[in-house]
Amino acid sequence: MNDILVAKEVTKKYGEHTALDEVSLNIPKNSIYGLLGPNGAGKTTLIRIINQITYPDKGEVYFDGEALQNHHVAQIGYLPEERGLYKSMKVGEQALYLAQLKGLDKAEAKKRLKFWFERLEIGDWWNKKIQELSKGMAQKIQFIVTVLHEPKLLIFDEPFSGFDPINANIIKDEILKLKEQGTSIIFSTHRMESVEELCEHIALIHRSKKVLDGKLSEIKRAYKNNIYRVGLQTANAELILSEITEKFKVSNSSYDSLENQLDFTLQLPDEKSGEVLAYLSNKANVNRFVETIPSTSEIFIRTVQSKELNA
Amino acid sequence: MRKLLLIIKREYLAKVRNKSFVIMTFLSPILMVGMVVLIAYLTKVNDNDHKVIAILNESNFFSNEFVATTSTSYVNFDDVSLETAKDSVASLGFYGLLYIPDEIHIEKVCDRSFFYTEDAPSTDITEKIDAVFQERLRQSRLLELGLTASEFEKVDTQFDIRTATFDGQTNVKGINEIKAFIGGGFGYLIMMFIIIYGGFVMRSVIEEKTSRIIEVIISSVKPFQLMLGKIIGTSLAGITQFGIWLVSASVLLLVAFAVFDIDPSALNTSAHLQTGMGANMAPTIPTADQTVQLYAQELFRIPWVMLIFFFLVYFLLGYLIYSSIYAAIGAAVDNETDTQQFIFPIILPLMLAIYVGFFSVFSNPHGPIAVGFSLFPLTSPIVMLMRLPGGIGEGGVPVWELVTSILLLFGTFIGIVWLAAKIYRVGILMYGKKPTYKELFKWLKYD
């Protein structure tokens, strides 16, 4: 089995409202998986089902090849969107408690906590209460608590919301290190651009349904449509632009007369970028010729729009 | 199980280490003992305050009826005018002046008599004076009817019907009230415990919601485990607190009484009154010692072991029912101010149980109201305990009632905990809105 988690046609209803509608997912081992979609799409419900906080009405979930069971909670680390810690409890004590709830024994938990506290340079916080710490500090503790029991699967729901940029970077680096060590990671977010660079696989959830999933690179390849951004160094921009417009579809053109810089977007009919580049080079000095790769949110919007048109 | 123990331990420590809890635990006995000592001390001071009352008696109907007691004495004025008497009472610092005018008829004497004081007189004193006048009036009216004093003595009897159960055990009058009072004490204890520690459970749930740690925890343990651990941990903290109160209050009380030299029996004001009245007025019950003995016997006959056993049963089930409701309320709301609308309906049966208990069960422990409320599961922990000191079986609570009551309570316990756990499970993940009863009902249908 190469999938850490498999969901098969999972459906979940809250009264009249369908939170998840036959969602199937395969989340590969040792990768970073993006669970993307707008607020209220059903991401958190899916995550809660994986964490066995709630249960599906229909469908099955498999963890590492086995049907999801109670003991699997020890192998999952979860950083919820709505997160916090006991305000009046001491940091060390609290971290120990939460680690023990995940099944670690006290001595081992203590050892690992010492390690993490030193690694994130917060060793002297052990006896402080959460209410004495700043929000950023508390987030570090929260992260440690999530990963301390060395789970096989880590789930981060809106991981960077509320993190200041410095801490967000520290956490991002730690997450990448964990991935290198073999942990599988799920990122759930509605801010798609925030995790784009991290994810190898994504699934798009919209209105309780999965609308798209797969390898991010493959999805992007499938969704690019021969649009190039071109920059030319030329003095007679108007002439060149009119010539090009006759042959191709041009949009978003702009001309900087001081720099003699002409920029425009080119829609090519099909894969003939080499010929086009040669043609452009004859006209003027080409200083930019970049294929525009659609962003995840563009892909999302296009997918949703096409689905709605078909529906 | 290991996780449940971890939760219980955390909840217990979190509660016990809480500053206000610690302060309450150690301050309450001091406050309580302080109150008792203060009352006892004030009573003592009050008793020591010796009142002198002057009597200006111009009539022939009264001579030596006013007898001095420890707190009052009487001084007779002779041959002075009322005005002079008033002046001298004021200048001598006496408490008051009783003026009895000279009239032909006693009725008129009584009618015209006045008691003058600087301020409104204390009821103790006026009662004593009233009693003397009443007695005197009665005697004179009896004489008018043609009875002599000795004949009157014969007529003036006091009678108490002697009671016994069918199997021949002699009862003492009022023992039912005493028994119910003991049971009522247990019932009251249960109510207080539920209100105080149920509230703690609720606040603890709200704290987990507002601090947003709840989802982190229930990704490790089942919500039901968390709820149960919370209830058990909090009640253990409560039992610790009660234990500390009990021990420290009794020690402090003993110390305080020793230091202030107060006789605890002085607090028993009713005993005080009885002897004061009895000495002069009606002849006292001839078998006083015997009665006390009977009371003591009855108290010994109360099945204490059985009582404590059932106290524990009713306490446990009652507390679990109510505290799981409290937990569900805490889960449903976002902050404590939103809890009011839900708390009232749970306080209501508790209050009802206490009031019904004190008014109905005391006078008739086996009447229909008492039976009904001791079967109804939300009131039975309190009301049944008020009935139980009378024993089980003949002369006490019928076995079927006890069994039915416990079965109903147990069934309700299962049902309520199940429902509360459902509301709890959904509620802890709901943020930002104040739920209505309708919504709570909807939550019950979620899986």
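For clarity, every value in this text was computed on a predicted model and none was experimentally measured. (Residues numbered from 1 in each chain as written. Chains lettered and ligands numbered in written order. Predicted model: local features only at pLDDT ≥ 70, side-chain atom pairs only at ≥ 80, totals over all residues.)

## A short note on the sheet that holds strand E5 (residues 66-67) of chain A
The strands making up a sheet associate through backbone hydrogen bonding, with each pair oriented either parallel or antiparallel.
Residue and element names in this part refer to chain A.
Now for step 1: Taken in spatial order, the 4 strands of this open sheet run E2-E1-E4-E5, and their pairing is antiparallel. Strands with a single pairing partner mark the edges of an open sheet, and in this sheet they are strand E2 (17-28) and E5.
Now for step 2: Where strand E4 (residues 58-63) and E5 come together, 2 bridges link them in antiparallel fashion. Bridge pairing links Phe-63 to Glu-66 in E5. (Pairing = 2+ DSSP bridges. Helix = DSSP H or I, 4+ residues; strand = E, 2+ residues; numbered from the N terminus.)

## Section: the confidence of the model for chain B
All names here are of chain B.
Now for step 1: With 88% of its residues at a pLDDT of 70 or more, chain B shows a mean pLDDT of 81.
Now for step 2: The element-level mean pLDDT for chain B is lowest in helix H10 (residues 269-280), coming to 40, with helix H1 (residues 2-17) highest at 92.
Now for step 3: A low-confidence stretch, residues 266-286 (pLDDT under 50), is modelled with 15 contacts involving residues beyond four sequence positions or located in other chains.
Now for step 4: We note a pTM of 0.75 for the whole complex and an ipTM of 0.82 for its interfaces. (pLDDT = per-residue confidence, 0-100. Contact = placed C-beta atoms within 7 Å.)

## Details of helix H1 (residues 43-50) of chain A
Now for step 1: Counted residue by residue, H1(A) has 8 buried out of 8 residues, so it is predominantly covered.
Now for step 2: All buried positions along H1(A) are accounted for by Lys43(A), Thr44(A), Thr45(A), Leu46(A), Ile47(A), Arg48(A), Ile49(A) and Ile50(A). (Buried ≥ 20, exposed ≤ 12 C-beta atoms within 10 Å, placed from the backbone.)

## Examining the environment of Thr117(B)
All names here are of chain B.
Now for step 1: Tracing the backbone through its elements, the reader meets Thr-117 in strand E4 (residues 114-117).
Now for step 2: According to the C-beta neighbour criterion, Thr-117 is partly exposed, with 17 such atoms within 10 Å.
Now for step 3: Each C-alpha atom of the pair Thr-117 and Tyr-95 lies 6.4 Å from the other, and the pair is 22 residues apart in sequence.
Now for step 4: Leaving out residues up to four positions away in the same chain, Thr-117 has contacts with Tyr-95 and Gly-96.

## Notes on the domain arrangement of chain A
Now for step 1: Under the domain assignment used here, chain A contains domain 1 (3-221) and domain 2 (225-291).
Now for step 2: Centre-to-centre separation of domain 1 of chain A and domain 2 of chain A, based on C-alpha positions: 45 Å. (Domains from an automatic or database assignment.)

## Quick look at the domain arrangement of chain B
Now for step 1: Domain annotation for chain B reports domain 1 (2-35 + 173-443) and domain 2 (49-156).
Now for step 2: Each of domain 1 of chain B and domain 2 of chain B has a C-alpha centre, and the two are 51 Å apart.

## Here's the deal with the pairing of strand E14 (residues 285-291) of chain A
All names here are of chain A.
Now for step 1: Taken across its 7 residues, E14 has 0 buried, putting it largely on the surface.
Now for step 2: Here strand E11 (residues 227-233) pairs with E14 via 6 bridges, running antiparallel. Paired with Val-230 across the two strands is Phe-289, which belongs to E14.

## What about unusual backbone geometry?
All names here are of chain A.
Now for step 1: Look at Ser-208: it is not a glycine, yet its phi comes out positive at around 70°.
Now for step 2: Relative to the helices and strands, Ser-208 is located in the loop between strand E9 (201-206) and strand E10 (209-215).
Now for step 3: Looking at Ser-208, the number of C-beta atoms within 10 Å reads 21, which means it is buried.

## Let's talk about the packing of helix H12 (residues 304-332) of chain B against helix H16 (residues 399-427) of chain B
All names here are of chain B.
Now for step 1: It is at 8 Å that the axes of H12 and H16 come closest, and there the two elements cross at 20°. One finds that H12 runs roughly parallel with respect to H16. As H12 runs across H16, the sense of the crossing is left-handed. Here Val-313, Leu-317, Leu-320, Ile-321, Ser-324, Ile-325, Ala-327, Ala-328, Ala-331 and Ala-332 of H12 come into contact with H16, specifically with Ile-406, Leu-409, Phe-410, Thr-412, Phe-413, Ile-416, Val-417, Ala-420, Ile-423, Tyr-424 and Gly-427. (Axes fitted to C-alpha atoms, helices over the stretch in contact; angles between N-to-C directions. Parallel < 35°, antiparallel > 145°, perpendicular 65-115°, else oblique. Left-handed = near helix turned anticlockwise from the far one by under 90°.)

## Notes on the interface of chain B and chain A
By a widespread convention, an interface's size corresponds to the accessible area lost as its parts come together.
Now for step 1: On the side of chain A, 21 residues touch chain B, which itself brings 19 residues to the contact.
Now for step 2: Counting only elements with at least two residues in the side of chain B that touches chain A, the list comes to H1 and helix H8 (214-218) of chain B.
Now for step 3: Here the side of chain B that touches chain A is built from residues that sort into 9 nonpolar, 3 polar and 7 charged. (Nonpolar A, V, L, I, M, F, W, Y, C, P; charged D, E, K, R; others polar.)

## A short note on the sheet that holds strand E3 (residues 32-36) of chain A
Residues and elements named next belong to chain A.
Now for step 1: As summarised here, the arrangement of the 6 strands in space is E6-E7-E8-E3-E9-E10, forming an open sheet in which the pairing is mixed. Single-partner strands in this sheet number two, and they are strand E6 (76-79) and E10. Between one strand and the next, the sheet's axes are offset by a mean angle of 15°, whatever the strand orientation.
Now for step 2: Summarising the sheet, E9 and E10 pair through 6 bridges and their orientation is antiparallel. Residue His-206 lies in a different strand from E10, and its bridge partner there is Lys-209.
Now for step 3: Contacting E9 and E10, helix H6 (residues 216-223) crosses the sheet at an angle of about 105° to E10.

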